[in-house]
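Survey of secondary and tertiary structure
Here's the letter readout for the chains.
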Amino acid sequence: MYTEHSLDAVPSGSKTQARAAAVLQLPALPDDEHITENVPFDEIVVGQSASRSRELTMDDVRLFAAVSANRNPVHLDARFAAGSGHGKVIAHGMWSGALVSGLIGSRLPGPGTVYLSQDLHFLHTISVGDRITATVTVLEKRLADKVVVLECGCVNQDGVLVASGVAEVVAPGAKVRAEAVELPEVQLIGHHQYDALLKKCETLAPVPTAVAYPCNEPSLRAAVDAAQAGLIEPVLVGPARDIRAIAARHGLAIDGYRLIDVEYPKDAAETAARLARDGEVEALMKGSLHTDELMGAVVRKDNALRTAARISHVFVMHVPTYARTLLITDAAINISPSLEDKVHIVQNAIHLAQVLGVRKPNVAILSAVENVNPKIPSTLEAAVLCKMADRGQITGGVLDGPLAFDNAISVEAARTKGITSPVAGNADILLVPDMVAGNMLAKQLTFLANADAAGIVLGAKVPVILTSRADNLRSRLASCAIAALLANANRLLAQAARGL
């Protein structure tokens, strides 16, 4: 948000301040952000001045980097910046220049101005949280070519001059006063949640993971990328000749990985499951075989990977427009889960949220409406699940429902409908009515809201990583990172059970 300033805001001792008395007698510049008005050449007076302030945010830095394609890590990487001479992230020097440019183009002389030159000297760095006031003051008018020379300066909240210089512009010849052009809204799509997830895995050893039938480039690359990131130690299970050929064709280095030669997808799934049963691996990862082939091996009784919990799937979504990591369940395994199934599905998701660092996750039980309606079975199940949580039959989370999707993720929507709830607008977990609804929701967030989605199967003795050909590198690595955190949690539980 910009703020207009009087002449008192200019730096002490500057030429601008020396002319303050004369400037104060000039007509005030418009301060309505909805109206654009210039100062044509004939109305400009030497000593005339305008100021504008803005507080630097990290989003400003990222946006400037994106527009200028300036990837200097001193502006973007806190760890790199900490080791630099500055000790912290700083703004691009030309960010202050952009403030000056905006002031000249919109205020003095304003609309119709054409830049000829800009001289700036950057005297001090600008850090996130600094409030910078840019000021331009008329030094000279040249009647012959309608050129105006402007003194330019930027000071921070402590009155320190951080940038100064001189601009020459061609001032507009005619008066303009009109409704301001509406600027487009800009949404920055960052990946801080993804970065935080990977950071949680930095101290963990790579998890031995059986990759079942990685017989196309995306699935084999996913395993290699995750191994190079230090998340998994892959055991490749499938036709050795085909896997080596794919690796050679796409430049994937797999020589250091264990490779078990199995010809067919179903046999690869069975072999991978037995590796998990025998404790040789701590996670399973889907290759290019069908999901039901892998899950069929997981649920086979003689593979001993079932637990008392029902197996369920969770999409872990990093949505740019939502502050929390969002868990959506179940969108891939249970087609039309019963009330009893949903108890397990919720409990699995709560456990995962806790492993991801949410001590007591908020669980929104979704339906089409927020009121219990006997004609909509999902609303009745939501009410029962909430009561079961009250009685301790579901533990570790805060449940509320039924909630429509908007009420679950928007505080404003919940307030508008008079819903008072710690979950409404602050959901960590969305329990969907059925797989169809969940799958649609997850894919809508992915393809319409630019969300990153990691997929994991819970309820077995080891986590099962489900990747898709449509997944980008972030999603693949996020899925493996989640599996690594779950495998580590399982390891700690086993050690505790043995009294270690």
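Residues numbered from 1 in each chain as written. Predicted model: local features only at pLDDT ≥ 70, side-chain atom pairs only at ≥ 80, totals over all residues. Heavy atoms only, no water.

1. Observations regarding the overall build of the protein
In terms of regular secondary structure, the protein is built from 17 helices and 19 strands. For the protein, the C-alpha radius of gyration of 30 Å lies well beyond 23 Å, the compact-globule estimate for 500 residues. Expressed as lengths along the three principal axes of its C-alpha atoms, the size of the protein is roughly 95 × 60 × 45 Å. When each of the 500 residues of the protein is scored for burial, the buried share is 48%. Put simply, of all contacts in the protein between residues at least 6 apart along the chain, 70% involve residues at least 24 apart. Here the protein displays about 24,200 Å² of accessible surface, and carbon together with sulfur accounts for 53% of that area. Once the 46 positive and 52 negative side-chain charges of the protein are each reduced to a mean point, those two points are 6 Å apart. (Helix = DSSP H or I, 4+ residues; strand = E, 2+ residues; numbered from the N terminus. Rg over C-alpha atoms; globule rule 2.2 N^0.38 Å. Buried < 20%, exposed > 50% of the residue type's maximum accessible area, 1.4 Å probe, protein only. Contact = heavy atoms within 4.5 Å. Areas by Shrake-Rupley, 256 points an atom, 1.4 Å probe, with all protein chains shown as cover. Lys, Arg positive; Asp, Glu negative; His and termini not counted. Charge placed at Lys NZ, Arg CZ, Asp CG, Glu CD.)

2. Some words on the environment of Leu352
Note on placement: Leu352 falls in helix H12 (residues 339-355). Assessed through its relative accessible area of 0%, Leu352 is described here as buried. Setting aside its immediate chain neighbours within four residues, Leu352 contacts Val314, Val316, Leu327, Ile456, Leu458, Ile482 and Leu486.

3. Regarding the pattern of salt bridges
Where side chains of opposite charge bring their charged atoms close, a pairing between them can arise. Here the structure, examined in full by the defined rule, presents 23 salt bridges. A salt bridge links Lys199 to Glu202, with the nearest nitrogen and oxygen atoms 3.7 Å apart. The exposure class assigned to Lys199 is partly exposed, which follows from its relative accessible area of 48%. As a salt-bridge pair, Glu282 and Arg491 come within 2.6 Å of each other at their nearest N and O atoms. (Salt bridge = Lys/Arg side-chain N within 4 Å of Asp/Glu carboxyl O.)

4. Here's the deal with the pairing of strand S10 (residues 232-238)
Of all the seven residues making up S10, six are buried; the element is thus mostly covered by neighbouring parts of the structure. Examined bridge by bridge, strand S9 (residues 207-212) and S10 share six bridges and lie parallel to one another. Paired with Ala210 across the bridge in S10 is Val235. Assessed by its sense of winding, the connection that carries the chain from S9 through helix H8 (residues 217-228) to S10 is right-handed. Across four bridges, S10 lies against strand S11 (residues 258-261) in parallel orientation. (Pairing = 2+ DSSP bridges. Right-handed = clockwise from strand over helix to strand, strands pointing away.)

5. Structural notes on helix H13 (residues 377-390)
With 14 residues, H13 ought to run about 20 Å at 1.5 Å a step, and its terminal C-alpha atoms sit 20 Å apart, in line with that. On its buried face, H13 is in contact with H12, strand S15 (362-366), strand S16 (398-403) and strand S17 (429-431). One or two residues past the end of H13 sits Gly392, with phi positive at roughly 80 degrees. (Expected span 1.5 Å × (residues − 1).)

6. Looking at the packing of aromatic side chains
Tallied over the entire structure, the rule returns zero aromatic pairs. Its guanidinium or amino end placed over the ring of Phe41, Lys141 lies 4.5 Å from that ring's centre, counting from NZ or CZ. (Phe/Tyr/Trp six-rings, centres within 6.5 Å; stacked < 30°, edge-to-face > 60°. Lys NZ or Arg CZ within 6 Å of the ring centre and 35° of its normal.)

7. Focus on empty space enclosed by the protein
Evaluated as defined, the whole model comprises one cavity of 30 Å³ or more. Of all the secondary-structure elements, those providing two or more residues to the lining of the largest cavity are S15 and H13. Here the element with the most residues in the lining of the largest cavity is H13; it accounts for four residues. A per-class count over the lining of the largest cavity returns seven nonpolar, one polar and two charged. (1 Å grid on protein atoms, 1.4 Å probe; cavity = no way out; pocket = protein on both sides within 12 Å on 5 of 7 lines; lining within 4 Å. Points joined across faces, edges and corners; volume = space filled by probe spheres on them. Nonpolar A, V, L, I, M, F, W, Y, C, P; charged D, E, K, R; others polar.)

8. A few points about the nonpolar core
Grouped together as the largest cluster of nonpolar side chains are 86 residues, with contacts concentrated most on Leu284, Leu352, Ile394, Leu399, Ile456 and Ile482. At 10 residues, the largest contribution of residues to this core is made by helix H17 (residues 473-497). Dropping the residues within four chain positions of it, Ile456 is found in contact with Ser312, His313, Val314, Leu352, Pro463, Val464, Ile465, Ser479, Ile482, Ala483 and Leu486. Counting residues in each nonpolar core, the second largest holds 32 residues, with Ala91, Trp95, Ala134 and Val162 among its members. (Core = buried A, V, L, I, M, F, W, Y, C linked by side-chain atoms within 4.5 Å.)

9. Quick notes on the packing of H8 against H17
For the pair H8 and H17, interaxial distance at closest approach is 10 Å and the crossing angle is 60 degrees. When the axis of H8 is compared with that of H17, the two are oblique. The crossing of H8 and H17 is right-handed. Here H8 contributes Pro218, Arg221, Ala222, Asp225 and Ala226 to the contact with H17, which in turn contributes Leu473, Arg476, Leu477 and Cys480. (Axes fitted to C-alpha atoms, helices over the stretch in contact; angles between N-to-C directions. Parallel < 35°, antiparallel > 145°, perpendicular 65-115°, else oblique. Left-handed = near helix turned anticlockwise from the far one by under 90°.)

10. A look at the confidence of the model for the protein
Mean pLDDT over the protein: 89, with 93% of residues reaching 70 or higher. Here helix H2 (residues 20-23) is the element of the protein with the lowest mean pLDDT, 35, and S17 is the one with the highest, 98. Contacts from residues 1-30, a stretch scored under 50 in pLDDT, to residues over four places away or in other chains number 58 contacts. (pLDDT = per-residue confidence, 0-100.)

11. Some words on the sheet that holds strand S19 (residues 464-465)
Two modes of strand pairing occur in sheets, parallel and antiparallel, and in both the strands are linked by backbone hydrogen bonds. Taken together, 11 strands build an open sheet; the order of strands is S11-S10-S9-S12-S19-S18-S13-S14-S17-S15-S16 and the sheet is mixed. Each edge of the sheet is formed by a strand with only one pairing partner; in this case those strands are S11 and S16. Running over the sheet, H17 touches S9, S10, strand S12 (283-286), strand S13 (312-318), strand S18 (452-458) and S19 and is turned about 35 degrees from S18.

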